[in-house]
Amino acid sequence: MESEETRTESETGAAQNDSGRKTDETPTPGSAGRVLLHICCAPCAVYSVQTLKAEGFEVTGLFYNPNIHPAAEYIRRRDTLRQFEAELGIRVIYKDAGYDPQVWFREVTFRETNRCFHCYRVRLEKTLFIAKHGRFEYFSSTLLYSTKQKHEVIAALGRDLAADGPNRFLYRDFRLGWQEGIEKSMAMGMYRQDYCGCLYSEVERRKKEIRA
Ligand code: SF4
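All values reported here derive from a predicted model rather than from experimental measurement.

Asker: Help me get a handle on the overall build of the protein, residues and values and all.
Answerer: Along the protein, the regular secondary structure elements total 9 helices and 5 strands. Put simply, the protein runs from its N terminus to its C terminus through helices and strands in the order α-β-α-β-α-β-α-α-β-α-β-α-α-α. The proportion of buried residues among the 212 residues of the protein is 37%. Summarising the internal contacts of the protein: among those between residues at least 6 apart in sequence, 75% fall at separations of at least 24.

Structure below.
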């Protein structure tokens, strides 16, 4: 089965110019289908949501990120998304009951050097599970927006997870809008974190301060 979303411009109703950017043509909202978009944080959602909506997708967000450490940071990122979801023009499902650090740490323990793969997997598996039960045709992730993530790993994982089921992985290279997303999120006044999310990434980010 074709697991990755590969429809053509004429099928989606979205027009793109030579650089792959969307033109001003506005398709009917929802005409391209329903997508459950895993959202890692509000700033990464800005360009991703804008792109999918411009293609005619009905976008529902999913905030499920048990990787975020500490809990205060989780709350801050979640509340930032809550604050801006109306402005982004989407409904968001918040899986706060799934914020269970034990589950996340068990997934990455003894796999620390490859932890990002398992971190992606945990979050994409949950997204697919909810997409199935919510009868979404597609699932995707704002992880595809970040130039700091392992983009090809996320894309391959999404395709693999979708291989045996009815929900298709909607691959898009949201990195095309990296700078645009940064500028828009700053203009909107969004909180923008300075580390990826887990304890390990925070330690890496603050290595100099810790060792000062
Ligand atoms: S660096 Fe980011 S993607 Fe990698 S394990 Fe940590 S939170 Fe997950």
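Asker: Please give an account of the sheet that holds strand 5 (residues 168-169) that cites residues and values.
Answerer: Pairing is parallel in the open sheet, where 5 strands are placed in the order 3-2-1-4-5. Bordering the open sheet on either side are strand 3 (91-94) and strand 5, each of which pairs with just one other strand. Here 6 bridges tie strand 1 (residues 33-38) to strand 2 (residues 57-63), and the two strands are oriented parallel to one another. Each bridged residue has a counterpart across the sheet, and for His38 the counterpart in strand 2 is Leu62. The sheet contacts of helix 2 (residues 42-54) involve strand 1 and strand 2, and relative to strand 2 the element is tilted by about 155 degrees.

Asker: Help me get a handle on the packing of helix 5 (residues 115-133) against helix 6 (residues 151-162), residues and values and all.
Answerer: How two helices pack is summed up by the angle between their axes together with the distance between the axes. Taken N-terminus to C-terminus, the directions of helix 5 and helix 6 make an angle of 40 degrees; their axes are 10 Å apart at the nearest point. Comparing their axes, helix 6 and helix 5 come out oblique. Crossing handedness for the pair helix 5 and helix 6: right-handed. Between helix 5 and helix 6, the contacting residues are Phe117, Tyr120, Arg121, Leu124, Glu125 and Leu128 on the first element and Val153, Ile154, Leu157, Gly158, Leu161 and Ala162 on the second.

Asker: Would you mind going over the environment of Leu37 in detail, with residue names and values included?
Answerer: Following the sequence through the fold, Leu37 ends up in strand 1. For the pair Leu37 and Leu143, spaced 106 residues apart in sequence, the C-alpha to C-alpha distance is 9.8 Å. In contact with Leu37, not counting residues within four places along its chain, are Ser48, Val49, Leu52, Val59, Thr60, Gly61, Leu62, Ser140, Ser141 and Thr142.

Asker: I'd like a description of the site of the ligand, backed by residues and values.
Answerer: Lining the immediate surroundings of the ligand are Asn67, Arg115, Cys116, Cys119, Cys196, Gly197, Cys198, Tyr200 and Ser201. Mapped by element, the contributors of at least two residues to the shell around the ligand are helix 5 and helix 8 (199-205). It is helix 5 that provides the largest number of residues to the shell around the ligand, a total of 3 residues. The residue makeup of the shell around the ligand, split by class, is 5 nonpolar, 3 polar and 1 charged.

Asker: So, the environment of Leu36: which residues are in play, and what are the values?
Answerer: You can see Leu36 is positioned in strand 1. With sequence-adjacent residues up to four places away left out, Leu36 is seen in contact with Thr60, Leu62, Thr127, Ile130, Ala131, Gly134, Phe136 and Phe139.

About the thresholds
- Residues numbered from 1 in each chain as written.
- Predicted model: local features only at pLDDT ≥ 70, side-chain atom pairs only at ≥ 80, totals over all residues.
- Helix = DSSP H or I, 4+ residues; strand = E, 2+ residues; numbered from the N terminus.
- Buried ≥ 20, exposed ≤ 12 C-beta atoms within 10 Å, placed from the backbone.
- Contact = placed C-beta atoms within 7 Å.
- Pairing = 2+ DSSP bridges.
- Axes fitted to C-alpha atoms, helices over the stretch in contact; angles between N-to-C directions.
- Parallel < 35°, antiparallel > 145°, perpendicular 65-115°, else oblique.
- Left-handed = near helix turned anticlockwise from the far one by under 90°.
- Near = placed C-beta within 6 Å.
- Nonpolar A, V, L, I, M, F, W, Y, C, P; charged D, E, K, R; others polar.

Purely geometric stuff here, so don't read any function into it on its own.
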